[in-house]
Amino acid sequence: MVQQTLRQKLEILADAAKYDASCASSGTAKKNSLGGKGVGSTEGMGICHAYAPDGRCISLLKLLLTNHCIFDCHYCINRKSSNVARARFTPQEVVDLTLNFYRRNYIEGLFLSSGIVKSANHTMEQMVEVARILREEHDFRGYIHLKTIPEADAEIIHEAGLYADRVSINVELPTRAGLTRLAPDKNESQIEGAMGRTKARIIQAKDERKRFRHAPRFAPAGQSTQMIVGADDANDTAIIGKASRLYGSFGLRRVYYSAFSPIPDASAVLPLKRPPLLREHRLYQSDWLMRFYGFAPGEVADAAEADGNLPLDIDPKLAWALKFRANFPVDVNRAAKEQLLRVPGLGTTAVGRILAARRHRTLRLDDVARLTASIAKVRPFICALDWRPTLLTDRADLRGLLTPKQEQLELF
C-alpha cells in the first residue's frame, strides 16, 4: 500500500467533509489567549460573525478523521461500498494541522467528523483524543465542534462534551421509514436516545456551574443536528414537523438542512438529480419563522403548497400572509410586536426600530420606508397615519406583484 503524505490526506478528508453543514460556532463560552496563556480564541473574526449566506461558518478547519466506514448508508459518498480514495489521519496529525493553520491565521477553530472505522467506540475515542491533546497539552482555547457517533458508549460521548464547545449528532433523514430504507445500519431510537442524554448532561452542567464555580463545562455551545433534504420522499411539511419536535424535545441550538447531492456510483434507490438549492434555503427561512418570529409549526406548514412543499418563488412568511389575508393590514402605530413580526418584509430589526420610533411620533409610510429594507413588500400588509392599502391587500394578482422578478445574469 502506498504511503500517503499529509497533504494528500488533507485533500481527501477536507473534501469529504464538505457534505456536513452543521459547523456554525455561535453560542459558545468566550475564551481567548490575550493574557499570554494558551492558544486560540472563540471570539476571532469569522468564528462568531463570518458565515456563508446559507448559515455555514467559513473559518473552521473542517475535516474527517477518516472516510473509511463500516456502514453502508446509500446517500453517503463514504459508505463502505463506495469506490472513493480513502485516507485516515492520526489524532496527532489533526492536532498539528489545527495548530499550524491557526498560527498562520487561516482558521479559528476545528470541526471534526469521521466515518466509522473498526467500531463506533474506537472512532469516537480517536476523535476525543484529538480534542484532549488540543485542550490539555496545548491549552487550545479556540472553538471545537465534534460530530459524535450515537452508536458509541455514553461515557465516550460524555467525555467529548467535556472538551468540545459544541457536539452534534445527525438525525440524517426526516422520517423513520426513510432512515430504515437508506441507512439500514442506523437506528432512530438510538440517535434520539443519545441526543436526550446529551441534553440532560448540558442541563446538569449548567446547574453545577451555578452552584460550583469551577465545575467542568459540558458542550457550552449546545448540540445541533442535520437532516438531508431530497434523498427520500419526505416533503417540507414533514421536515418542518420533525425539526420542531427536535427543538422541543432536545433543546437543540440549530437544525441544519443539507440538500441531497448525487454522488458517484450512487445506489439505485436514490433520486437521479438533486433538489433545488432554493428548497434548502426556504427550509432555513421556515426554521427562522419558528425560532424568532413566533410561528407555530402548523402555521409554517400552512404556507406549503398542495404537495406539502414550500413555494420556491416566494418566502414562507409571504406565502403564509397571502393565504391568511384576513390578518392584514396591520397598523404599525398600534399593533403588538407579535403582529408586526408576521408582516412580510419586516424582520426582527425593522420591528424593533418601528416599536422604538412610534414611542416618539405617529408613523407615516415614509417613516416605515426609512426603517425597512424595502417598502414595496410591506405596503399591502400595513396601515400608517397617511396610508391604507384599501383593496391592494385583496388583489387576486398580489402574489404576482410581490414575486421577485427573475433576471438573466450578464455573461460579461
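See the structure printed just above.
Residues numbered from 1 in each chain as written. Predicted model: local features only at pLDDT ≥ 70, side-chain atom pairs only at ≥ 80, totals over all residues. Heavy atoms only, no water.

Caption draft 1: Representation of the pattern of salt bridges in the model. Across all of its chains, the model carries 23 salt bridges by this definition. The partner of Asp 287 in a salt bridge is Arg 291, and the shortest N-O contact between them spans 3.5 Å. Residue Asp 287 and its partner Arg 291 are located together in helix α8 (residues 277-292), separated by 4 residues, close to a single helical turn. Since its relative accessible area comes to 0%, Asp 287 is described here as buried. Among the salt bridges present, the one from Asp 367 reaches Arg 361, with a minimum N-O distance of 3.4 Å. Of the residues examined, Asp 367 reaches a relative accessible area of 7% and is grouped as buried. Overall, Arg 361 belongs to the partly exposed group, its relative accessible area being 46%. Members of the salt-bridge network, linked through shared partners, are Arg 176, Glu 188, Glu 192, Lys 242 and Arg 245. (Salt bridge = Lys/Arg side-chain N within 4 Å of Asp/Glu carboxyl O. Helix = DSSP H or I, 4+ residues; strand = E, 2+ residues; numbered from the N terminus. Buried < 20%, exposed > 50% of the residue type's maximum accessible area, 1.4 Å probe, protein only.)

Caption draft 2: A look at the packing of aromatic side chains. Inspection of the entire model under this criterion finds 8 aromatic pairs. On the numbers, 5.2 Å between centres and 75° between planes, the contact of Phe 328 with Phe 381 is edge-to-face. Remark: Phe 381 occurs in the loop between α14 (375-378) and β8 (382-383) and Phe 328 occurs in the loop between α10 (316-323) and β7 (330-331); sequence separation between them is 53 residues. Taking the relative accessible area as the measure of exposure, Phe 328 reaches 9% and is therefore buried. (Phe/Tyr/Trp six-rings, centres within 6.5 Å; stacked < 30°, edge-to-face > 60°.)

Caption draft 3: Up close: the pairing of strand β5 (residues 223-229). Summarising burial for β5: 7 of the 7 residues are buried, a large majority. Neither face of β5 is left uncovered, since the one carrying Gln 223, Thr 225, Met 227 and Val 229 and the one carrying Ser 224, Gln 226 and Ile 228 both have all their residues buried. Bridge count between strand β4 (residues 166-168) and β5: 2 bridges; the pairing is parallel. Bridge pairing links Val 167 to Gln 223 in β5. Pairing of β5 with strand β6 (residues 254-259), which is carried by 6 bridges, proceeds in the parallel orientation. Counted as the bridge partner of Ile 228 is Ser 258 from β6. For the crossover that starts at β5, traverses helix α7 (residues 236-250) and ends in the parallel β6, the hand is right-handed. (Pairing = 2+ DSSP bridges. Right-handed = clockwise from strand over helix to strand, strands pointing away.)

Caption draft 4: Expanded view of the nonpolar core. Membership of the largest hydrophobic core comes to 113 residues, with the highest contact counts inside it found for Tyr 75, Leu 112, Tyr 257, Leu 340 and Phe 381. Top contributing element to this core by residue count: helix α3 (residues 120-137), with 8 residues. Those residues in contact with Tyr 257, other than ones at most four positions away along the chain, are Ala 21, Met 227, Val 229, Ile 239, Ala 243, Glu 280, Leu 283, Tyr 284 and Asp 287. (Core = buried A, V, L, I, M, F, W, Y, C linked by side-chain atoms within 4.5 Å. Contact = heavy atoms within 4.5 Å.)

Caption draft 5: Representation of the sheet that holds strand β3 (residues 143-147) in the model. With respect to topology, 6 strands assemble into an open sheet ordered β1-β2-β3-β4-β5-β6, the strand pairing being parallel. Looking at which strands have only one partner, the edges of the open sheet turn out to be β1 (60-64) and β6. The average undirected angle you get between the axes of adjacent strands in this sheet is 20°. Lying on the sheet, helix α6 (residues 188-211) is in contact with β4 and β5; it crosses β5 at an angle near 155°. (Axes fitted to C-alpha atoms, helices over the stretch in contact; angles between N-to-C directions.)

Caption draft 6: Structural detail: unusual backbone geometry. A cis amide bond, omega 5°, links Phe 328 with the succeeding residue Pro 329. Position of Pro 329 relative to the elements: it lies in the loop between α10 and β7. Backbone geometry places Lys 118, a non-glycine residue, at a positive phi of 65°. With respect to the secondary-structure elements, Lys 118 resides in the loop between β2 (109-113) and α3. Residue classification places Lys 118 among the exposed residues on the basis of a relative accessible area of 61%. Positive phi is not limited to glycine here, since Asp 139 has a value of about 50°. Relative to the helices and strands, Asp 139 resides in the loop between α3 and β3.

Caption draft 7: Structural view of the packing of helix α2 (residues 91-103) against α3. Across the interface, α2 lies against α3 with an axial gap of 9 Å and an inter-helix angle of 45°. The orientation of α2 with respect to α3, classified from their angle, is oblique. As for how α2 packs across α3, the hand of that crossing is right-handed. Seen from α2, the contacting residues are Pro 91, Gln 92, Val 94, Val 95, Thr 98 and Leu 99; seen from α3, they are Gln 126, Glu 129, Val 130, Ile 133 and Leu 134. (Parallel < 35°, antiparallel > 145°, perpendicular 65-115°, else oblique. Left-handed = near helix turned anticlockwise from the far one by under 90°.)

These results come straight from atomic positions and should not be treated as a statement about function.
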